[in-house]
Amino acid sequence: MTLNIAAVLCFFLFAIAVAEDPYRFFNWNVTYGDIYPLGVRQQGILINGQFPGPDIHSVTNDNLIINVFNSLDQPFLLSWNGVQQRRNSFEDGVFGTTCPIPPGGNFTYILQVKDQIGSFYYFPSLAFHKAAGGFGGIRILSRPRIPVPFDDPAGDYTVLIGDWYKSNHTDLRAQLDNGRKLPFPDGILINGRGPNGASFNVEQGKTYRLRISNVGLENSLNFRIQNHKLKLVEVEGTHTLQTTYSSLDVHVGQSYSVLVTADQPAQDYYIAVSTRFTSTVLTTTGILRYSNSAGPVSGPPPGGPTIQIDWSLNQARSIRTNLTASGPRPNPQGSYHYGLINTTRTIILSSSAGLVNGKQRYAINSVSYIAPDTPLKLADYFKISGVFRVGSISDRPTGGGIYLDTSVMQTDYRTFVEIVFQNDEDIIQSYHLDGYSFFVVGMDGGQWTTASRNQYNLRDAVSRCTTQVYPKSWTAIYVALDNVGMWNLRSEFWARQYLGQQFYMRVYTTSTSIRDEYPVPKNALLCGKASGRHTRPL
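Please read these numbers as outputs of a predicted model, since none were measured by experiment. (Residues numbered from 1 in each chain as written. Predicted model: local features only at pLDDT ≥ 70, side-chain atom pairs only at ≥ 80, totals over all residues. Heavy atoms only, no water.)

S.K.: What should I look at first to understand the packing of aromatic side chains in this one?
M.R.: To describe a pair of aromatic rings, one takes the distance between the centres and the angle between the planes. Tallied over the full model, the rule gives 26 aromatic pairs. Between Phe 90 and Tyr 381 the ring centres are 5.6 Å apart and the planes differ by 85 degrees, which places this aromatic pair in the edge-to-face class. Separated by 291 residues along the polypeptide, Phe 90 in the loop between strand 5 (78-81) and strand 6 (106-112) and Tyr 381 in helix 4 (residues 376-381) bring together distant segments of the chain. Taken together, the aromatic side chains of Phe 26, Trp 28, Trp 80, Phe 107, Tyr 109 and Tyr 122 make up a single cluster linked through ring pairs. Taking NZ or CZ as reference, Lys 130 lies 5.4 Å from the ring centre of Phe 123, over its face. Positioned above the aromatic ring of Trp 494, the side-chain terminus of Lys 130 is 4.5 Å from the ring centre. (Phe/Tyr/Trp six-rings, centres within 6.5 Å; stacked < 30°, edge-to-face > 60°. Helix = DSSP H or I, 4+ residues; strand = E, 2+ residues; numbered from the N terminus. Lys NZ or Arg CZ within 6 Å of the ring centre and 35° of its normal.)

Below you can see the structure in the form of structure tokens.
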């Protein structure tokens, strides 16, 4: 452990001497602790004693040095939903790229939020730990000289919403390992608290930013505030057209920023969050509390949509990029004319569910992912054979039954591809791609065909990293593969991800230049068949 920290410190001293981008340092201790979010004692995962974990505040291009001590009795990893890890998938924090931190050990993540702004979150990626906590918000502010398309808010709040079970994560994981589906969740949390447990203080007449992320396990959620409007301003790093909504659907894994103006009579108001597309509707509440409040909340919590798909689809189509606003750089977001670029490949991905050897599994293009004993990225870097094979998943649905494999799809660096998520199941789905943001160019019901391209939005589609796919529907995205590495594409429904609905996209180049990809970090943990190998010398 001492050598590991010494190596990192040597890197810092050199980097600080030659770089201008600021460094922010974090020391986190990950422990178990008793939590009572739904009134029942549970074993939670805490970071520095907090549930949820501490927010990460940063500015575009900052270097984040996060030293994580694992005080659990199990291996542990953190991943960074939406942080693109430019040229550095080694730090992505999923098992396909990064060796777990052993119990009693530590690892220092070295991240840079290069050319990014916006609202994201981190979470534990192994062993169904996400069902016990260990998650927290990430905010990346614009640099001071880069204009932002709205005035500075009076306050800036992280709002982590998600469905929750009263069962410990170990019990939930055991159910999945035994081949059974999980039951319906027991409730919904807002910032780790149950009904009326979370509150947000405002002053009358002022405007506040809420960074809302759905960190739950499986359910789309609708967010709303009694008698207040939500002005959408940012989605996963993209400034949007400033459309006003009475409520907002936030699908699993997604993040949104809204502005809320405290323009109502001074009292307390309900914040309501409820499940979408479920036969049983779970609802929880928090409180928007005026500083000069004349009284507590009154009346019933505001109602919201329940099973209406068209309502949600129309809202999703209305979320568009603000073409004139600056992004991380001063040039307008609309200066990248994605609609004028010819795609070089179409990848169609279709999910399925079924039994393999009598146990529940989920798949993409019939392949249900199984993890090898060695992270794929390390096997690739050290040229270790027998860990994975390129082409172990087709770029089209095969129509066959589900089978197990370590699925890796080869793609070429600096190509521009179209990916179609075809959902033939009768549930809503949510997909995330690590290392990238992508343009959501179209979504509709039925089967995708080449004629579906006629309805694509090729002008101001929102760029994001997590997209929903409605039941019996499709969603199409465009993505510029400009980030070399091994990148996880997964279902954000955590039981489905755990039981195989994911794969890795190997964005490949023959170049070995650090302009295209960094080498393995000097302090990288090595495991599996990579044990005993050597990282770069100090």
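Now that the structure has been shown, we can carry on.
S.K.: I'm lost on the side chain of Thr 240 in this one. Help?
M.R.: Among the secondary structure elements, Thr 240 is positioned in the loop between strand 15 (238-239) and strand 16 (244-245). With sequence-adjacent residues up to four places away left out, Thr 240 is seen in contact with Leu 232, Val 233, Glu 234, Val 235, Ile 319, Arg 320, Thr 321, Asn 322 and Val 462. (Contact = heavy atoms within 4.5 Å.)

S.K.: For this particular structure, what's the right way to read the sheet that holds strand 17 (residues 247-250)?
M.R.: Strand pairing in a sheet takes place through backbone hydrogen bonds and is either antiparallel or parallel in direction. Taken in spatial order, the five strands line up as 11-20-19-13-17 in an open sheet, and their pairing is mixed. Since the sheet does not close on itself, it has two edges, and those belong to strand 11 (199-202) and strand 17, each with one partner. When the angles between neighbouring strand axes are averaged without regard to direction, this sheet yields 20 degrees. The sheet contact formed by strand 13 (residues 221-225) and strand 19 (residues 268-275) spans five bridges and is antiparallel. (Pairing = 2+ DSSP bridges. Axes fitted to C-alpha atoms, helices over the stretch in contact; angles between N-to-C directions.)

S.K.: It is not clear to me how the pattern of salt bridges should be interpreted in this structure. Could you clarify?
M.R.: Pairs can form between side chains of opposite charge whenever their charged atoms are close. Tallying each qualifying case throughout the model produces 28 salt bridges. Salt-bridge contacts for Arg 24 lead to Asp 62; the nearest nitrogen and oxygen are separated by 2.4 Å. Taken together, the residues Arg 24 in strand 1 (residues 23-35) and Asp 62 in the loop between strand 3 (56-59) and strand 4 (63-70) connect sequence positions 38 residues apart. Relative accessible area serves as the criterion here: at 31%, Arg 24 is assigned to the partly exposed category. When salt bridges with common partners are traced through the structure, they connect Asp 55, Arg 139, Asp 156 and Arg 211 into a single cluster. (Salt bridge = Lys/Arg side-chain N within 4 Å of Asp/Glu carboxyl O. Buried < 20%, exposed > 50% of the residue type's maximum accessible area, 1.4 Å probe, protein only.)

S.K.: Help me out: how do you make sense of the confidence of the model for the protein in this one?
M.R.: Of all residues in the protein, 96% have pLDDT values of 70 or greater, and the mean over the chain is 95. Counted against residues more than four places away or in other chains, residues 10-19, with its pLDDT under 50, gives seven contacts. (pLDDT = per-residue confidence, 0-100.)

S.K.: Can you walk me through the side chain of Glu 234 in this structure?
M.R.: Note that Glu 234 resides in strand 14 (residues 230-235). For Glu 234, a relative accessible area of 1% gives the class buried. Within the structure, the side chain of Glu 234 is placed 2.8 Å from the backbone nitrogen of Gly 237, a separation counted as a polar contact. Here the side chain of Glu 234 touches Ser 257 through a polar contact of 2.6 Å, side chain to side chain. Excluding residues within four positions of it along the chain, Glu 234 makes contact with Gly 118, Ser 119, Arg 209, Arg 211, His 239, Thr 240, Tyr 256 and Ser 257. (Polar contact = N/O pair within 3.5 Å; in protein donor to acceptor, adjacent residues only side chain to side chain.)

S.K.: Would you mind showing me how to read the state of the cysteines here?
M.R.: Covalently bonding the sulfur atom of one cysteine to the sulfur atom of another cysteine gives a disulfide. Counted under the stated rule, the structure contains one disulfide. Note that Cys 99 is cross-linked by a disulfide to Cys 527, the S-S spacing being 2.1 Å. Handedness of the Cys 99-Cys 527 disulfide follows from its S-S torsion of about -90 degrees: it is left-handed. Note that Cys 99 is positioned in the loop between strand 5 and strand 6 and Cys 527 in the segment after strand 33 (502-508), a separation of 428 residues in sequence. For the residue pair Cys 99 and Cys 527, the accessibility class agrees, reading buried in each case. (Disulfide = S-S within 2.5 Å.)

S.K.: What am I meant to see in the layout of surface pockets here?
M.R.: Roughly 1,100 Å³ of volume is contained in the largest pocket. Pro 328, Tyr 336, Ser 437, Phe 439 and Ser 463 are, among the 38 residues lining the largest pocket, the residues nearest its centre. Elements supplying a minimum of two residues to the lining of the largest pocket: strand 28 (438-445) and strand 31 (473-481). Within the lining of the largest pocket, the residues separate by chemical class into 16 nonpolar, 15 polar and seven charged. (1 Å grid on protein atoms, 1.4 Å probe; cavity = no way out; pocket = protein on both sides within 12 Å on 5 of 7 lines; lining within 4 Å. Points joined across faces, edges and corners; volume = space filled by probe spheres on them. Nonpolar A, V, L, I, M, F, W, Y, C, P; charged D, E, K, R; others polar.)

S.K.: Would you mind showing me how to read the nonpolar core here?
M.R.: One broad rule of soluble globular proteins: the nonpolar side chains tend to lie buried together. Ranked by internal contacts, the top residues of the largest apolar core, which has 65 residues, are Phe 223, Leu 349 and Ile 419. Beyond its immediate stretch of four places on either side in the chain, Leu 349 contacts Ile 364, Asn 365, Met 409, Ile 419, Val 420, Phe 421, Gln 422, Leu 489 and Phe 503. Judged by nonpolar contacts, the second largest core, of 28 residues, contains Leu 64, Trp 80, Leu 126 and Ala 132. (Core = buried A, V, L, I, M, F, W, Y, C linked by side-chain atoms within 4.5 Å.)

S.K.: Looking at this model, I keep getting lost on the sheet that holds strand 32 (residues 485-491). Mind explaining?
M.R.: Pairing is mixed in the open sheet, where five strands are placed in the order 25-33-32-27-30. Looking at which strands have only one partner, the edges of the open sheet turn out to be strand 25 (408-412) and strand 30 (466-469). Here the strands of the sheet are splayed against their neighbours by 25 degrees on average, with no regard to which way each runs. Pairing of strand 27 (residues 429-433) with strand 32 involves three bridges; the strand directions are antiparallel.

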